[in-house]
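Summary of the model geometry
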Amino acid sequence: VAAASKRGDPNRVFQVNHPRLPQNIGYFNIINFDPKRGTSLSALPFDTIEVYNGYELGRRELTERVMDDWFTILNLGKHMAATGSSDSHRIQYQWAGYPRTYAMVDPKAAGDTGQPIDTKEVVAALKKGRGFVSSGPMIDFEIVSAGRGAKPGDEMPRASNVNAKLKVRAAPWLDVTSIEIIAGVPPPPPPHGAYATVVSGTQSLFKQAVASQPTQMGREEGKLEELHARTVRFDNDSIPLKIPDGAKWVIVIVRGERAMDDALPFMQIQPLAFTNPIYL
């Protein structure tokens, strides 16, 4: 199936969906993928992994488990982009568009200049991991080192000390309470013949609590610039980061605690967003 998916067009994206869905549906369960032992990647011929799925919106710990699988894959050296999808086969079960994947392309390819959306550019951005996944919060993230900038999906030379630019925005009815920048740091290999250690290791480089705001619904008054300013929950263009030895990648995770059911009836969704990696 993996080979056939690329026949005729090697630029296609081959994705593993809801890899931990129960009842023997999730592929990682079927192949007994174990992030604690770093199962061989020969059985993971994917370009992207659906880390955040609409069926798991009500239990964030399920998404966090798939994130742990994803971290293992990244720590083992495979560049695999994360995506999110509402999987809303029936809208009474999953609200369409929660979560979703945002792909970064230039304005012309995005259709912002009046031209048709360039689907090839969008697919290439998804495959490369140029973007982020979210059930609401919006993330702008960049690392700058030696005058060179890198955004999600990019590669940059490893340096001990770098600066990060990070802006997080959210609609007035969304909760944002924490922002974290983490790096993937695989543990050293075990002695010959010993049991393999956990390879999904991460290290927090920066963590910031954000004051929760009360839910605001209804018409927004004022000028457009004022409305935009009210959406900003965090904005810092010079966050010093110390990159650990052996780190392979860096991502941002944004979390909120208050459920979104005041805006989306019956949906006990705690806001969550995360970028794709900047590879080191």
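Quick note: structure is the one above.
What comes next is a walk through the structure.

The rules behind the values
- Residues numbered from 1 in each chain as written.
- Predicted model: local features only at pLDDT ≥ 70, side-chain atom pairs only at ≥ 80, totals over all residues.
- Heavy atoms only, no water.
- Helix = DSSP H or I, 4+ residues; strand = E, 2+ residues; numbered from the N terminus.
- Rg over C-alpha atoms; globule rule 2.2 N^0.38 Å.
- Buried < 20%, exposed > 50% of the residue type's maximum accessible area, 1.4 Å probe, protein only.
- Phe/Tyr/Trp six-rings, centres within 6.5 Å; stacked < 30°, edge-to-face > 60°.
- Pairing = 2+ DSSP bridges.
- Axes fitted to C-alpha atoms, helices over the stretch in contact; angles between N-to-C directions.
- Contact = heavy atoms within 4.5 Å.
- Expected span 1.5 Å × (residues − 1).
- Salt bridge = Lys/Arg side-chain N within 4 Å of Asp/Glu carboxyl O.
- Core = buried A, V, L, I, M, F, W, Y, C linked by side-chain atoms within 4.5 Å.
- Polar contact = N/O pair within 3.5 Å; in protein donor to acceptor, adjacent residues only side chain to side chain.

1. Things to note about the overall build of the protein
From N to C terminus, the protein includes 5 helices and 14 strands. In summary, the protein has a C-alpha radius of gyration of 19 Å against a globular reference of 19 Å for 280 residues, a match within 12%. Counting only C-alpha atoms, the protein reaches 65 × 45 × 40 Å along its principal axes. Residue burial in the protein is summarised as follows: out of 280 residues, 41% are buried.

2. Side note on the packing of aromatic side chains
What the rule picks out here adds up to 9 aromatic pairs. An angle of 40° between the planes, with centres 6.3 Å apart, marks the rings of Y52 and F274 as tilted. Here F274 lies in strand β13 (residues 272–275) and Y52 lies in strand β2 (residues 48–53), a separation of 222 residues in the sequence. One exposure class covers both Y52 and F274, and it is buried. In textbook terms, an aromatic cluster arises when at least three aromatic residues are bridged by ring pairs, as seen for Y52, W70, F71, W249 and F274.

3. Topic: the sheet that holds strand β8 (residues 161–169)
Spatially, β7-β6-β8-β11 is the arrangement adopted by the 4 strands of the open sheet, whose pairing is antiparallel. The open sheet terminates on both sides in strands that have one partner only, identified here as β7 (148–150) and β11 (232–242). Strand-to-strand twist of the sheet, defined as the mean angle between neighbouring strand axes without regard to direction, takes the value 20°. Sheet analysis places strand β6 (residues 138–145) next to β8, joined by 7 bridges and oriented antiparallel. Looking at β8, one finds that D140 is bridged to K167. Contacts from helix α5 (residues 224–231) reach β8 and β11 within the one sheet, and its direction differs from that of β11 by about 55°.

4. Things to note about helix α3 (residues 60–75)
For α3, with 16 residues, the first-to-last C-alpha span of 22 Å sits near the 22 Å given by 1.5 Å per residue. Taken as a whole, α3 has its buried residues at R60, T63, V66, M67, D69, W70, F71, T72, I73, L74 and N75. Looking one or two places after α3, you find G77, whose phi comes out positive at around 95°.

5. Side note on the sheet that holds β2
Strand order in the open sheet formed by 3 strands is β1-β2-β3, with parallel pairing between adjacent strands. Of all the strands in the sheet, the pair left with one neighbour each is β1 (15–16) and β3 (81–85). Two elements, β1 and β2, share 2 bridges in a ladder whose sense is parallel. Bridge assignment links Q15 to a residue of β2, and that residue is T48.

6. Focus: unusual backbone geometry
A cis amide bond links Y98 with the next residue in sequence, P99, at an omega value of -5°. Tracing the backbone shows P99 in the loop between β3 and β4 (100–103). One non-glycine residue with positive phi stands out, namely N32, at about 60°. Looking at where N32 falls in the secondary structure, it is placed in the loop between α2 (27–30) and β2.

7. Let's talk about the pattern of salt bridges
On inspection of all chains with the given rule, the structure shows 11 salt bridges. The salt bridge partner of R255 is E64, with a shortest N-O separation of 3.1 Å. Of this pair, R255 sits in strand β12 (residues 249–255) while E64 sits in helix α3, placing them 191 residues apart in sequence. E64 gets classed as partly exposed once you look at its relative accessible area, which sits at 25%. We note a salt bridge from R219 to E221, for which the minimum N-O separation is 3.2 Å. When salt bridges that share partners are traced, they join E64, E180 and R255 into one network.

8. Let's talk about the pairing of strand β9 (residues 178–184)
Burial analysis of β9 places 7 of its 7 residues in the buried class, which makes it a mostly covered element. Relative to strand β10 (residues 202–209), β9 is paired through 7 bridges, and the arrangement is antiparallel. Paired with E180 across the strands is K207, a residue of β10. Here β9 pairs with β12 via 7 bridges, running antiparallel. Across the sheet, E180 pairs through a bridge with I253, a residue of β12.

9. Looking at the nonpolar core
By size, the foremost hydrophobic cluster in this structure holds 61 residues, and its most contacted members are W70, F141, L166, I181, L241 and F274. Residue contacts for F274: discarding those within four places in its chain leaves V51, Y52, M67, W70, A82, F132, V133, I139, V252 and I253.

10. So, the side chain of N276
Of note, N276 is situated in the loop between β13 and β14 (278–279). Within the local environment of N276, its side chain forms a polar contact with the backbone nitrogen of A82, the two atoms lying 2.6 Å apart. Ignoring anything within four residues of it in the chain, the contact list for N276 reads W70, A81, A82, G129, G131, F132, P152, V250 and I251.

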